[in-house]
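Chain by chain, the residues run as shown.
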There are 2 protein chains.
Amino acid sequence: MAHINENYGKLPGSYLFSEIARRTAAFAAKHPDADLIRMGIGDVTRPLAPAVIEAMHRAVDDLAAAETFHGYGPEQGYAFLREAIAQGDFAARGVSVDADEIFISDGAKSDCGNIGDIFATDNVIAVCDPVYPVYVDSNAMAGRAGDYDEASQRWENIVYMPTTAENGFCPALPEVPVDIIYLCSPNNPTGTVLTRDQLQAWVDYANECGAVIMFDAAYERFIVDADVPHSIYEVPGAATCAIEFRSFSKTAGFTGARCGYTVVPRALVRGGQSLHDMWNRRQCTKFNGASYVIQRGAEAIYTPEGTRQVDEAIAYYRTNAWLIKEGLEAAGYTVYGAVNSPYIWCKTPEGMGSWEFFDRLLSEAAVITTPGAGFGPAGEGYVRLTAFGERTDAERAMERIGALG
Amino acid sequence: MAHINENYGKLPGSYLFSEIARRTAAFAAKHPDADLIRMGIGDVTRPLAPAVIEAMHRAVDDLAAAETFHGYGPEQGYAFLREAIAQGDFAARGVSVDADEIFISDGAKSDCGNIGDIFATDNVIAVCDPVYPVYVDSNAMAGRAGDYDEASQRWENIVYMPTTAENGFCPALPEVPVDIIYLCSPNNPTGTVLTRDQLQAWVDYANECGAVIMFDAAYERFIVDADVPHSIYEVPGAATCAIEFRSFSKTAGFTGARCGYTVVPRALVRGGQSLHDMWNRRQCTKFNGASYVIQRGAEAIYTPEGTRQVDEAIAYYRTNAWLIKEGLEAAGYTVYGAVNSPYIWCKTPEGMGSWEFFDRLLSEAAVITTPGAGFGPAGEGYVRLTAFGERTDAERAMERIGALG
């Protein structure tokens, strides 16, 4: 008799986006003429850069002729892309990451979820609260979270680090020993960032106690402030304690095309084993490389035209973010994030609950947001708005919210 | 201090293809003018079908304009592809598989490796010997294999089922209780198939004891014999005991494009839990869907032109396989597989070891094969040849082997 992984039965329903959809559908049914503006989901809307489109067309044509056909590629990704990344994302910023420390994949969600394979199940996991749910759920599935407590909305074995306005959205170093620490900067959902000094403190802590930092830099291209590192490897000591996840989803519009990468430095060793070699073995056994067509598209992001075109799309979203921030502030709300991020983290007025504020924005302004409580208990009292939409929608949404009074 | 997954340290080196490469390079260095014919690696060489190429170009263009842009798709795959598969691969053969039981992915290797996530670590795994190494290694990584014994080349907790000429390449039902059984038909590496009656015996066994069959049908499109099921769901009772893995890699040349799918029937329940729902949760948490561009390409395989074009490529490889089989038999060798498969499983002459025979074919005919011993102890005494190459190479290789005497 086959035995199932009992940890799956402990997972609470993935309630957030289905509940948003349910409430939105109920509102739309009552108000069929309502002109809904969706600022809830973090998905891009701008088309791919022309340089990327051209590269993908060329790659498709490569697969159309025997002479240029590409079958199985390297599980770690093609050298052309790994080298473009090493140069464009790291060497260009003075950061030393070798092409062979870069593992191309179909996206950061896969890597964030699968990286747990190379760690034992008895590690203590620390996450920020609020948090991107994949870090928590993937560890719960692997048995690292213990049981879920409905009342506190927390897993018994996970260390939650409140990340709120009170601590400037930089979690305090944990008071209990932890083994694996998830950090995300620019942060999803709060849109806030960790400065060089703040990251240095985390790197020093991890090196001291042997913890490993899982650094999610999926939104790095939105950074404008000079003292905010784009990569954790800009911080001395990170190569011996950190794995970094990157994605082309938000930086270059690849949410549908699918491509990302993970950096596992050669210097990262635990229990006498190279985590680089372990991840390589994991990928060679359980992954067959990202699509050739998509890797060629990703390579084009690093050409001069590709860079310029992608920067234009980022600038478009960034202007949306600033416009939303200004609109909300003009309407009297307290707002975080937005400056170095496509996410705007808005404090609810007068201690209102985040679902209550969600309902108010939906019913009175027909604007869909994401309740902060959906990202963890410390997200209560906030809603998240995203800048991934049309300029006119951002403008209209702010006019409506401003008019609420 | 982060703790690593200690099971990785138990894995023997992945020796097979690197050793083949080493011996080939040594031979080529000694004989720089040698005209090597590669029949070792199971990778396709024909270009993608024109209908697939056109569909991919159209999909790339969809991503070039805001009006037709596709961001995040469903984690389970797009309905257009799931429905095309349900119709083309199942309903058309009288098999009832719902579109919502089909999970699209970036390939069967990912799914074969990741499916273990939903099972407990204490399941007893049964595999054929010889075997596709992913089944064994992915379970060893998850702690289901115990320790590896160098002498026997076997893991202590895995049940090996010899699959050889002596039992007609159909493994006997295990004498000890097993929980998860990997079957592959048409088989890699032997090229042999399981008939309807043989599969029925396995399905009945699994339903009786509650085991789950992992059925790898990556090569189904090569089947020509009427009594060989293309899907395990052609066999009554399979929906309550089997998960099926399919790939577009070998059927439609997608080894570089990357796409496959896995069927988890709604009727498959263990420990009171729906394995369909568990796999859905796994994919939603740790996967973000296959590329839109590639899914559109896969959809085109099911159009009338796509079907015809893909059948032509399969016919090309199939003719190669038959030609290799005839050539080897004419040279006096005993050969299995080839009829319903791109793989030819050739008995070594006079009890010669498989590495010895590999060396002989390399040094005397400049033909590269794969030693059967690399797929498990019961593969000793065989080499594998593949039909995925140019017709002229297959012809020339057989001429050379025939001339060896």
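Within every chain, residues take consecutive numbers counted from 1 along the sequence as written. Labels follow written order: the first chain is A, the first ligand is 1, and so on. Note on the predicted model: pLDDT of at least 70 is required for a residue's local features to be given, and 80 or more for side-chain atom pairs to be given and counted; whole-chain, interface and lining totals, by contrast, use all residues. To get the side-chain values, take all heavy atoms of the structure and skip hydrogens and water.

K.L.:
Looking at this model, I keep getting lost on the sheet that holds strand S13 (residues 335-337) of chain B. Mind explaining?
P.N.:
Two modes of strand pairing occur in sheets, parallel and antiparallel, and in both the strands are linked by backbone hydrogen bonds. Residues and elements named next belong to chain B. At least two bridges found by DSSP between two strands are what make those strands a pair. Secondary structure counts use DSSP, requiring at least four H or I residues in a row for a helix and at least two E residues in a row for a strand, with both numbered from the N terminus. Spatially, the four strands line up as an open sheet ordered S13-S14-S17-S16, and their pairing is antiparallel. Of all strands in the sheet, those with a lone pairing partner are S13 and strand S16 (370-371), marking the two edges. With three bridges connecting them, S13 and strand S14 (residues 343-347) associate as antiparallel partners. Opposite Val335, over in S14, you have Cys346 as the bridge partner.

K.L.:
Sorry, what's going on with helix H6 (residues 196-209) of chain A here?
P.N.:
Residues three or four positions apart in an α-helix share a direction because the helix packs 3.6 residues into each turn. All names here are of chain A. What a helix should span is 1.5 Å times the count of its residues minus one. Spanning 14 residues, H6 covers 20 Å between terminal C-alpha atoms, matching the ideal 20 Å at 1.5 Å per step. Note on exposure labels: buried denotes an accessible area under 20% of the residue type's maximum, exposed denotes more than 50%, and partly exposed covers the range between, all computed with a 1.4 Å probe on protein chains only. Taken as a whole, H6 has its buried residues at Leu199, Trp202, Val203, Tyr205 and Ala206. The buried side chains of H6 occupy one side of the element, clustering within an arc of 160 degrees when seen end-on. Exposed residues pointing more than 90 degrees away from the buried face of H6 are listed as Asp197 and Glu208. The contact rule is simple, with two residues in contact once any of their heavy atoms fall within 4.5 Å. As for H6, its buried residues are in contact with strand S6 (159-162), strand S7 (180-184), strand S8 (212-216) and strand S11 (269-270). At the exit of H6 stands Gly210, carrying a positive phi of roughly 85 degrees. Comment: arc refers to directions from the helix axis out to C-beta atoms.

K.L.:
Looking at this structure, how should I read the state of the cysteines?
P.N.:
Here, the word disulfide means a covalent bond between the sulfur atoms of two cysteines. The disulfide criterion used throughout: a pair of cysteine sulfur atoms within 2.5 Å. All told, the structure shown has zero disulfides over all chains when counted by the stated rule. Note on Cys209(A): no disulfide assigned, nearest cysteine sulfur contributed by Cys241(A) at a separation of 9.0 Å. The partly exposed category is assigned to Cys209(A), whose relative accessible area is 27%. With no disulfide of its own, Cys284(B) lies 16 Å from the sulfur of Cys112(A), the closest cysteine sulfur. Judged by its relative accessible area of 25%, Cys284(B) falls in the partly exposed class.

K.L.:
What's the story with the interface of chain B and chain A in this structure? I'm lost.
P.N.:
By a widely used convention, the size of an interface equals the accessible area lost when the partners come together. Taken residue by residue, the interface counts 78 residues in chain B and 78 residues in chain A. Two parts placed together each lose some accessible area under a 1.4 Å probe, and the buried area is that loss summed for both. Summed over both partners, the interface of chain B with chain A comes to about 6,200 Å²; 57% of that surface belongs to carbon and sulfur atoms. Any Lys or Arg side-chain nitrogen found within 4 Å of a carboxyl oxygen on Asp or Glu counts as a salt bridge. Joining chain B to chain A, the criterion identifies four salt bridges. We note a salt bridge from Arg281(B) to Asp137(A), for which the minimum N-O separation is 3.6 Å. Whenever two N or O atoms come within 3.5 Å, that pair is a polar contact, provided that in protein one can donate a hydrogen and the other can accept it, and provided that, for residues adjacent in sequence, both atoms are side-chain atoms. Counting across the chain B and chain A interface gives 44 residue pairs in polar contact (both at pLDDT 80 or more). Counting residues per element, the ones that place at least two in the side of chain B that touches chain A are helix H2 (50-62), helix H4 (108-114), helix H5 (133-141), helix H7 (249-252), helix H8 (275-286) and helix H9 (292-300) of chain B. Ranked by residue count, the leading element in the side of chain B that touches chain A is H8(B), at seven residues.

K.L.:
How should the pairing of strand S3 (residues 125-129) of chain B be read in this particular structure?
P.N.:
Looking down a regular strand, the side chains alternate between one sheet face and the other. Residue and element names in this part refer to chain B. Within S3, five of the five residues are buried, leaving the element largely enclosed by the surrounding structure. Side-chain alternation along S3 places Ile125, Val127 and Asp129 on one buried face and Ala126 and Cys128 on a second face that is also buried. Direction of pairing for S3 relative to strand S7 (residues 180-184): parallel, over a ladder of two bridges. From the neighbouring strand, Ala126 faces S7, where its bridge partner is Ile181. Across four bridges, the pairing between S3 and strand S6 (residues 159-162) is parallel. Bridge pairing in S6 places Ala126 opposite Val159.

K.L.:
I would appreciate a short explanation of empty space enclosed by the protein in the present structure.
P.N.:
Think of a ball as big as a water molecule: rolled over the atoms, this probe shows where empty space is left. Using a 1 Å grid laid over the protein atoms alone, points where a 1.4 Å probe fits but cannot get out form a cavity; open sets with protein on both sides within 12 Å along at least 5 of 7 lines form a pocket; any residue with an atom within 4 Å of a point counts as lining. Grid points are joined across faces, edges and corners, and a volume is the space filled by probe spheres set on the points. Under the definition given, this model contains nine cavities of 30 Å³ or more. Along its surface, the largest cavity is lined by 18 residues, and Ser110(A), Asn114(A), Asp106(B), Ser110(B) and Asn114(B) are the ones closest to its centre. Every element with two or more residues in the lining of the largest cavity is listed here: helix H4 (108-114) and helix H8 (275-286) of chain A together with H4 and H8 of chain B. For the lining of the largest cavity, the residue count by class is two nonpolar, eight polar and eight charged. By volume, the second largest cavity is sized at about 100 Å³. Basically, the charged four are Asp, Glu, Lys and Arg, the nonpolar ten are Ala, Val, Leu, Ile, Met, Phe, Trp, Tyr, Cys and Pro, and anything else, Gly included, counts as polar.

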